[in-house]
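Notes for the structure review
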2 protein chains.
Amino acid sequence: MRHNKRSFYFNNHFMYDTIIVGAGFAGAVLAERLASQKQQRVLVIDKRRHTGGNCHDSYDGHGVLVHRYGPHLFHTSNRAVFQYLSQFTDWHHYEHSVLAYIDGQKVPVPFNLNTLSALFPASLAQSLENKLIGRYGYGTKVPILTLRAEDDPELKFLADFIYDKMFVNYTAKQWGCKPEDIAPEVTARVPVHISRDNRYFQDAYQALPKHGYSKLFDALLDHPAISVLLNTDYKQVLTIDFEREAMTAFGAPFNGNLIYTGPIDELFGYRLGSLPYRSLQFQFEHFNEAFFQEATTVNYPNNHDFTRITEFKRASGQKVDGTTILKEFPQDYDPQDSTRNIPYYPVFTDNNTALYRQYRALAESFGRLILVGRLAEYRYYDMDDIVERALQVFADEFA
Amino acid sequence: MRHNKRSFYFNNHFMYDTIIVGAGFAGAVLAERLASQKQQRVLVIDKRRHTGGNCHDSYDGHGVLVHRYGPHLFHTSNRAVFQYLSQFTDWHHYEHSVLAYIDGQKVPVPFNLNTLSALFPASLAQSLENKLIGRYGYGTKVPILTLRAEDDPELKFLADFIYDKMFVNYTAKQWGCKPEDIAPEVTARVPVHISRDNRYFQDAYQALPKHGYSKLFDALLDHPAISVLLNTDYKQVLTIDFEREAMTAFGAPFNGNLIYTGPIDELFGYRLGSLPYRSLQFQFEHFNEAFFQEATTVNYPNNHDFTRITEFKRASGQKVDGTTILKEFPQDYDPQDSTRNIPYYPVFTDNNTALYRQYRALAESFGRLILVGRLAEYRYYDMDDIVERALQVFADEFA
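Residues numbered from 1 in each chain as written. Chains lettered and ligands numbered in written order. Predicted model: local features only at pLDDT ≥ 70, side-chain atom pairs only at ≥ 80, totals over all residues. Heavy atoms only, no water.

What about the overall build of chain A?
Of the regular secondary structure elements, chain A holds 13 helices and 22 strands. The C-alpha radius of gyration of chain A comes to 24 Å, within 12% of the 21 Å expected for a compact globule of 399 residues. Dimensions along the principal axes, computed over C-alpha positions, put chain A at roughly 90 × 50 × 45 Å. Evaluated residue by residue, chain A yields a buried proportion of 56% over its 399 residues. Sequence separation of at least 24 residues holds for 71% of the intrachain contacts in chain A that already meet a minimum separation of 6. Accessible surface for chain A amounts to roughly 16900 Å². Of this, 48% is attributable to carbon and sulfur atoms. Separation of charge centres in chain A, based on 41 positive and 47 negative side chains, amounts to 5 Å. (Helix = DSSP H or I, 4+ residues; strand = E, 2+ residues; numbered from the N terminus. Rg over C-alpha atoms; globule rule 2.2 N^0.38 Å. Buried < 20%, exposed > 50% of the residue type's maximum accessible area, 1.4 Å probe, protein only. Contact = heavy atoms within 4.5 Å. Areas by Shrake-Rupley, 256 points an atom, 1.4 Å probe, with all protein chains shown as cover. Lys, Arg positive; Asp, Glu negative; His and termini not counted. Charge placed at Lys NZ, Arg CZ, Asp CG, Glu CD.)

And the structure:
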């Protein structure tokens, strides 16, 4: 057994300029910008053993590239974001399509003119199509609330059908509430797409990182001035005294900036209570068949406890024997329960938003603390949104 | 731009018990033992952006699992080592076989009775086989120096043939010297295996981690008390004062143990000079064909500048379209040159061994410094050897 000897304190002035908690898009983009544009020394800390946050992908035991935390299909109309990311990855062009299992058939969603033809008798479908095009024009998107407000009984029928069969049960499953508790006014903004465009997104840029998200994050963080500390809860190495506006890192004073992308309530020890999220449970299954289903994602609004099944090789284009699918089971979030402790979707109620604002107020006075990201800002960002936001934070705070 | 405010020093007593430099087998096994058996808090630092050292594997752009730093075929006769690692991985049973391209043919190496039949006319092969078996017995391994010392001209011929065609040019390429500079007494311990066993190794346990080395290292390091700091030169965060036997980590005194698995000369700032190594340059190529060659590895003793070609899917058993191969070009090592700065093979000359001993003496007095591994000990360890050594260091120093 080694014995510790007394050691001297050395006046080692090395320290990071910025410490970033969280290695998802918010953290990785800011680390990249600070290191490459501001010559800062950056430490990125993540409690997981990998970077990329929920975008992380890896090859499963069958050699299939899967998204460990659910499907991540990149799409954006923001050219600057796409060009920024293109510095760090090539792309596999992929336009997402989703089917929904309705009345024993798999039909395109969002609901469009093809869905109409698939579900209804030809004469009814034709009549509805004529009415929709005549009234709103081809290529438009009409909320079903608008259809419901029409006098025409067929358009009302269509609105109710979509609401009942495609929307309400799916939403109830997703959010863990009863269908009757979902207020139509609030939630039924689901559109009908008066088009034959079966694509799930209409963005100009739709693609997956050619060699996966993990390699994209490797590239973002591949800078000599960026250190990445994995498998580490930031609280293990960092103390934050909000009253004194002071921090220590690894036991030494830390005078730089802290960019925090984790849950804001955790940052304050949940002192005002927990912010609710929906979580997900994932079930991966592998089949020794070329393909499992007809599209990358099939939604199950009315059947089963899972909301959807995603088949990864249909999106990635990977050439591999066998196929791996993912079933997603929504569940409540509980930071204390390791089987449900991954926060995915903020739950936007008035109470929750008010609680978030209280936490936010606690953080505001601390000028060296910057909150970025889905968990720190308690809002839903798509991948392109959070990249845009991180670039904006960099411009506002550091440029 | 954020401005730094003055902060207070907090007496945060958190620190790691042990810091380990290098996340290869030496570092990862010791981290695992210290965390799981001694409840130590361990920080593992690696300058690369991945763990696993040269064992690291990953999927290439074509979805083929490749060994980024050359083929790593695990084999051991040490049951304890195999059982230890089996806690962290399942295995894909694989017995390595190697061919050598000789006189326009690919023949088994190490040279055995099958090689004899492949290369020589039947009557000569039969005569040699009879003599070898009669003289040494079936199943034995005979150094070609022994054959050369025989009176029998056919056995001498065989020894010279193997030396000239399979050994000397390969060795010259490997070590960057002229064939005539290789002293036969020193180097020609290459054996003839008097057997029809074409396997490269005869160890009881031969296998690859079923899902790759990277997942094995993930599992070794998957402990809440282990932090992994990647993309970080240890000198960025650690100072070592050998005279005072004192260290700082992240600017604060560090009173724990340092396990160092990097190059020993680097640890001392190369103050006595550099220890030489051979390095390698890797060239990966992908083919849209099921297989490229007849065996996992084909050696090229007399042709081309590369020493060998390895085809990964033959070893991994991965079912994937297309195949990726690796050509290895030996080269000199230069820690200052990023294209040749990976040290692979220590160069065992009297001078180098003496220099290593001098460095070792500098380290000896510092009781909290433990040197483990190929680079720190300037010796060649196979994977099983270094796992055994790490377990032994744990038992000696910490148990």
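What to know about the relation of the copies chain A and chain B
The operation relating chain A to chain B is a screw motion whose rotation component is 179°, with 0.1 Å of axial translation and a residual RMSD of 0.1 Å. What the rotation and shift describe, once combined, is the action of a two-fold rotation axis. Closest approach to the rotation axis among the C-alpha atoms of chain A is made by Leu-229 of chain A, whose C-alpha sits 2.0 Å away. Taken as a fraction of all interface residues of chain A, those also at the interface in chain B reach 100%, which identifies the copy contact as same-surface. (Least-squares fit on C-alpha atoms with pLDDT ≥ 70 in both.)

Some remarks on the nonpolar core
Generally speaking, soluble globular proteins have nonpolar side chains that are buried together. With 92 residues, the main nonpolar core has Phe-25 and Tyr-213 of chain A together with Phe-25 and Tyr-213 of chain B as its most contacted residues. When sequence neighbours within four positions are dropped, the list of residues in contact with Tyr-213 of chain B reads Phe-25, Cys-55, Asp-57, His-67, His-72, Leu-73, Phe-74, Leu-208 and Met-383 of chain B. In this structure, Tyr-16 and Ile-19 of chain A together with Leu-229 and Leu-238 of chain B belong to the second largest nonpolar core, which totals 67 residues. (Core = buried A, V, L, I, M, F, W, Y, C linked by side-chain atoms within 4.5 Å.)

Observations concerning the pairing of strand 1 (residues 18-21) of chain A
Residue and element names in this part refer to chain A. Taking every second residue as pointing to the same face, both faces of strand 1 are buried, with Thr-18 and Ile-20 on one and Ile-19 and Val-21 on the other. Across four bridges, the pairing between strand 1 and strand 16 (residues 257-260) is parallel. Each bridged residue has a counterpart across the sheet, and for Thr-18 the counterpart in strand 16 is Asn-257. Taken together, the four bridges between strand 1 and strand 2 (residues 42-45) define a ladder with parallel strand orientation. Within strand 2, the residue paired with Thr-18 across the bridge is Val-42. (Pairing = 2+ DSSP bridges.)

A short note on the domain arrangement of chain A
Residues and elements named next belong to chain A. If you check the domain split of chain A, you get domain 1 (5-95 + 208-272 + 346-398), domain 2 (103-193) and domain 3 (276-332). With centres defined by C-alpha atoms, the gap from domain 1 to domain 3 works out at 27 Å. Taken together, both faces of the contact between domain 1 and domain 3 bury some 1700 Å²; the carbon and sulfur share is 65%. Here domain 1 is connected to domain 3 by eight residue pairs in polar contact (both at pLDDT 80 or more). Looking at the side of domain 1 that touches domain 3 residue by residue, the class counts come to 13 nonpolar, six polar and three charged. (Domains from an automatic or database assignment. Buried area = accessible area lost by both parts, 1.4 Å probe. Polar contact = N/O pair within 3.5 Å; in protein donor to acceptor, adjacent residues only side chain to side chain. Nonpolar A, V, L, I, M, F, W, Y, C, P; charged D, E, K, R; others polar.)

What to know about the interface of chain A and chain B
At the junction of the two partners, chain A supplies 65 residues and chain B supplies 65 residues. In total, about 5600 Å² of surface goes out of reach between chain A and chain B, with carbon and sulfur atoms giving 48% of it. Our count for the contact surface shared by chain A and chain B stands at four salt bridges. Across the pair Arg-49 of chain B and Asp-222 of chain A runs a salt bridge whose closest N-O atoms are separated by 3.0 Å. (Salt bridge = Lys/Arg side-chain N within 4 Å of Asp/Glu carboxyl O.)

Considerations on helix 2 (residues 79-86) of chain B
Residues and elements named next belong to chain B. Those residues of helix 2 that fall on the buried side of the exposure criterion are Val-81, Phe-82, Tyr-84 and Leu-85. Buried residues of helix 2, seen end-on, are gathered within an arc of 160° and therefore sit on one face of the element. In helix 2, those exposed residues whose orientation departs by more than 90 degrees from the buried face are Arg-79 and Ala-80. (Arc of directions from axis to C-beta.)

As for the packing of helix 2 of chain B against helix 13 (residues 383-397) of chain B
Two measures define how a pair of helices packs: the angle their axes make with one another and the distance between the axes. Residues and elements named next belong to chain B. As a packed pair, helix 2 and helix 13 sit with axes 10 Å apart at the nearest point and diverge in direction by 85°. Looking at the two axes, helix 2 sits roughly perpendicular to helix 13. Between helix 2 and helix 13, the contacting residues are Val-81, Tyr-84 and Leu-85 on the first element and Asp-384, Val-387, Glu-388 and Leu-391 on the second. (Axes fitted to C-alpha atoms, helices over the stretch in contact; angles between N-to-C directions. Parallel < 35°, antiparallel > 145°, perpendicular 65-115°, else oblique.)

Points about the pattern of salt bridges
Taken as a whole, this structure holds 44 salt bridges over all chains when the rule is applied. The salt bridge partner of Glu-266 of chain A is Lys-235 of chain A, with a shortest N-O separation of 2.5 Å. Residue Glu-266 of chain A is located in helix 10 (residues 264-267), and its partner Lys-235 of chain A is located in helix 9 (residues 234-237); the two are separated by 31 residues in the primary sequence. Owing to a relative accessible area of 13%, Glu-266 of chain A belongs among the buried residues under this scheme. The closest approach of N and O atoms between Asp-337 of chain A and Arg-340 of chain A, which form a salt bridge, is 3.5 Å. Bridged by salt links that share partners, the residues Arg-49 of chain A together with Asp-218 and Asp-222 of chain B form one connected network.

Description of the sheet that holds strand 22 (residues 369-371) of chain B
Strand order in the open sheet formed by 10 strands is 22(A)-16(A)-1(A)-2(A)-12(A)-12(B)-2(B)-1(B)-16(B)-22(B), and the pairing between neighbours is mixed. Each edge of the sheet is formed by a strand with only one pairing partner; in this case those strands are strand 22 (369-371) of chain A together with strand 22 of chain B. Between one strand and the next, the sheet's axes are offset by a mean angle of 20°, whatever the strand orientation.

Some points on helix 6 (residues 153-175) of chain B
Residues and elements named next belong to chain B. For helix 6, spanning 23 residues, the distance from its first C-alpha to its last is 31 Å, which sits close to the expected 33 Å at 1.5 Å a residue. Asp-164 marks the point of greatest bend in helix 6, at about 40°. You can read the cap of helix 6 off the contacts: a side-chain oxygen lies 2.7 Å from the backbone nitrogen of Glu-154, and it is on Asp-152. Just beyond helix 6, the residue with positive phi is Gly-176, at close to 70°. (Expected span 1.5 Å × (residues − 1). Bend = angle between axes of the 7 residues up to and from the residue.)

A closer look at the sheet that holds strand 5 (residues 75-76) of chain A
All names here are of chain A. The sheet built from three strands is open, its strands ordered 5-11-6 with antiparallel pairing. Where the open sheet ends on each side, the last strands, each with one partner, are strand 5 and strand 6 (91-93). By the bridge criterion, three bridges tie strand 6 to strand 11 (residues 205-209) in an arrangement that is antiparallel. Within strand 11, the position partnered with His-93 by the bridge is Ala-207.

Thoughts on unusual backbone geometry
Cis geometry marks the peptide bond from Val-109 of chain A to Pro-110 of chain A; its omega dihedral reads -10°. Relative to the assigned elements, Pro-110 of chain A resides in the loop between strand 8 (105-109) and helix 3 (113-119). For Phe-250 of chain B, which is not glycine, the phi torsion reads 55° and is therefore positive. With respect to the secondary-structure elements, Phe-250 of chain B resides in the loop between strand 14 (246-249) and strand 15 (252-254).

Quick look at the side chain of His-56 of chain A
Residues and elements named next belong to chain A. If you trace the backbone, His-56 turns up in the loop between strand 2 and strand 3 (57-59). Side-chain polar atoms of His-56 contact the side chain of His-50, separated by 3.5 Å. Residues contacting His-56, with those up to four places away along its chain left out, are His-50, Thr-51, Val-66, His-67, Arg-68, Tyr-69 and Ser-214.

Remarks on the confidence of the model for chain A
Summarising the model, chain A shows a mean pLDDT of 93, and 95% of its residues fall at 70 or more. We note a pTM of 0.90 for the whole complex and an ipTM of 0.85 for its interfaces. (pLDDT = per-residue confidence, 0-100.)

Looking at the environment of Phe-268 of chain B
All names here are of chain B. Among the structural elements, Phe-268 can be located in the loop between helix 10 (264-267) and strand 17 (277-287). Placed 26 residues apart in sequence, Phe-268 and Phe-242 show a C-alpha to C-alpha distance of 9.0 Å. In this structure Phe-268 touches Phe-242, Tyr-359, Leu-362 and Ala-363, once residues within four positions along its chain are discounted.

What to know about the environment of His-75 of chain B
All names here are of chain B. Along the chain, the position of His-75 falls in strand 5 (residues 74-76). For His-75, a relative accessible area of 11% gives the class buried. For the pair His-75 and Arg-49, spaced 26 residues apart in the sequence, the C-alpha separation amounts to 27 Å. Leaving out residues up to four positions away in the same chain, His-75 has contacts with Phe-201, Asp-203, Tyr-205, Gln-206, Asp-382 and Asp-384. A distance of 2.5 Å separates the side chain of His-75 from the side chain of Asp-203, its partner in a polar contact.

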